[in-house]
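Each chain, written out:
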Amino acid sequence: AGVNWLNVTDAMPTSSMGALAIDPAQPTTIFAGTGEGNFANHSRYGLAASVWTASPEAARELARSLEVGGVFVNATVRSDPRLPFGGVKLSGHGRELGCHGIREFVNAKTVWRA
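As the structure is a prediction and not an experimental result, all values here were calculated from the model. (Residues numbered from 1 in each chain as written. Predicted model: local features only at pLDDT ≥ 70, side-chain atom pairs only at ≥ 80, totals over all residues. Heavy atoms only, no water.)

Enquirer: Would you mind showing me how to read the pattern of salt bridges here?
Expert: Close approach of charged atoms lets side chains of opposite charge pair. All chains considered together, the criterion is met by 3 salt bridges. For glutamate 57, the salt bridge goes to arginine 60, with nearest N and O atoms at 3.9 Å. Residue glutamate 57 and its partner arginine 60 are both found in helix 1 (residues 56-65); the two are separated by 3 residues, about one turn of the helix. Judged by its relative accessible area of 51%, glutamate 57 is exposed. For arginine 60, a relative accessible area of 43% puts it in the partly exposed group. When the shortest N-O distance is used, the salt bridge between lysine 89 and glutamate 67 registers 3.0 Å. Of the two residues, lysine 89 sits in strand 6 (residues 88-89) while glutamate 67 sits in the loop between helix 1 and strand 5 (71-73), which places them 22 residues apart along the sequence. The exposure class assigned to lysine 89 is partly exposed, which follows from its relative accessible area of 34%. On the basis of relative accessibility, which here comes to 40%, the residue glutamate 67 falls in the partly exposed class. (Salt bridge = Lys/Arg side-chain N within 4 Å of Asp/Glu carboxyl O. Helix = DSSP H or I, 4+ residues; strand = E, 2+ residues; numbered from the N terminus. Buried < 20%, exposed > 50% of the residue type's maximum accessible area, 1.4 Å probe, protein only.)

Written out as structure tokens, the structure reads:
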């Protein structure tokens, strides 16, 4: 069973902004302007974000400004083997899946000849 926290703020001691949730969890905040959504960047984690809006412009602005590995507009967070998936900050580094993920398993070698 998942957990949904509504109107999460930095001031909440149990907020996922300060702790990584291992269970399926969805911290949710409703806001009017795209600038308000950037408080999510205060988190030490950044796996992915789900942005729900009727405005394509707002979706683009939030997708650019959110410090996460993936932004899903009007959709839940998911992975697809054709696309790279992974987080930033304490949510990991590197990517899995897609052509970026394949490169994680390849050893590159430099040979310099003078």
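Having seen the structure, we can now continue with the description.
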